[in-house]
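A structural walkthrough
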Amino acid sequence: MNSGNNALRLGTSTYSYWHFTPEKTPIESVLDAAAELGLSGVEILHRQMESEENAYLQKLKRHAFTLGLDLYNLSIHQDFVHDDAVVRQQHVDHTLHCIDLAHEMGIPSIRVNSGGFRKQGSFDDLIKAKGWVEPWKGSTMDDGFNWVIDSIERCLPHAERRGVLLLLENHWGLTTFARDMARIIETIDSPWLQAILDMGNFLFEDDMYAAMERVAPHVRLAHAKTYPGGGSWYSLDLDYARIFRILLDAGWRGYCSIEMEGAEDVATAVPRSIEMLRQSWKSAS
């Protein structure tokens, strides 16, 4: 087993402190909390940002630097699974724009979603449909893959120019299953497209750990879902040490980003998540 330099680079997503409630948690306050907890960095959720004005971007960058924190990923949303080329281009343009935002903040990567065959439902409907994987009437799975692959390929030249890595996450849709996620990454076959492993999102795999092994060689960032107090939609009893071993065996040396998704108050839930993950890391490495 390759244990790298034996150091866990642990950070938190700002999402841990804001679960899409009407009132946004200021990113500055998440940076302050992360520094107080001794974390190494923060991942910014794009939808949590108060502004895209340059003054705001530079304020966040300065604040993080002053606290000794890395800003290591900008987590954005897009959906390339559309039969309308105009709509797909809108999502490409959004991704290109977010590459520029990341570049301006000195962030070296952005989260990318494939999108899926949405049925215009809620997240609960997504779970019932097992990820919105089944094609719409008149479309095929190959259509979906072709739309996603073409869209991502159109983003890659700009990503390379800006020095911003695209990280495809197992975030439902055409990345619900590891084989499909790997198909996208390996078909494109670019050093500027790699992966995020969300530890809690291979929910519908027969063997989630085998699924993680399938994508582990591509993983550059891990999302550690934690569920103190019970999850918002579901809870998983994850073997974090086993997951860390899978990643280490594949040569992973990147950041692990806490995504606390439990009902417990964040003031106690994130510290408990930190302790649990650090203990799991010790067991793995």
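Residues numbered from 1 in each chain as written. Predicted model: local features only at pLDDT ≥ 70, side-chain atom pairs only at ≥ 80, totals over all residues. Heavy atoms only, no water.

In the annotation of an unreviewed UniProt entry, the entry for the chain reads Sugar phosphate isomerase/epimerase, and the organism field reads Caldilineaceae bacterium SB0661_bin_32.

This paragraph deals with the packing of helix α6 (residues 178-188) against helix α7 (residues 208-215). Working note: a packed helix pair is described by the angle between its axes plus the distance between those axes. Packing of α6 against α7 leaves a shortest axis separation of 9 Å and a crossing angle of 5 degrees. Between α6 and α7, the interaxial angle falls into the category roughly parallel. Here Ala-178, Met-181, Ala-182 and Glu-186 of α6 lie close against α7, whose contacting residues are Ala-211, Arg-214 and Val-215. Per-class residue counts for the contact of α6 with α7 are five nonpolar, no polar and two charged. (Axes fitted to C-alpha atoms, helices over the stretch in contact; angles between N-to-C directions. Helix = DSSP H or I, 4+ residues; strand = E, 2+ residues; numbered from the N terminus. Parallel < 35°, antiparallel > 145°, perpendicular 65-115°, else oblique. Contact = heavy atoms within 4.5 Å. Nonpolar A, V, L, I, M, F, W, Y, C, P; charged D, E, K, R; others polar.)

A word on the pairing of strand β5 (residues 165-169). The element β5 is largely enclosed, with a buried count of five among its five residues. Sheet topology note: the strand β4 (residues 109-112)/β5 ladder contains four bridges and is parallel. What sits directly across from Arg-111, in β5, is Leu-167. Two strands pair when backbone bridges link them, and β5 and strand β6 (residues 193-198) are joined in this way by four bridges, in the parallel orientation. Bridge pairing links Leu-166 to Leu-193 in β6. Between the parallel elements β5 and β6, the chain passes through α6 in a crossover that is right-handed. (Buried < 20%, exposed > 50% of the residue type's maximum accessible area, 1.4 Å probe, protein only. Pairing = 2+ DSSP bridges. Right-handed = clockwise from strand over helix to strand, strands pointing away.)

Our focus in this paragraph is the packing of helix α1 (residues 27-36) against helix α2 (residues 54-67). At a minimum axis separation of 10 Å, α1 and α2 run at an interaxial angle of 10 degrees. By the angle between their directions, the pair α1 and α2 is classed as roughly parallel. Each of Ile-27, Glu-28, Leu-31, Asp-32 and Ala-35 in α1 lies in contact with α2, whose residues at this interface are Tyr-56, Lys-59, Leu-60, His-63, Ala-64 and Leu-67. Considering only residue class, the contact of α1 with α2 consists of seven nonpolar, one polar and three charged.

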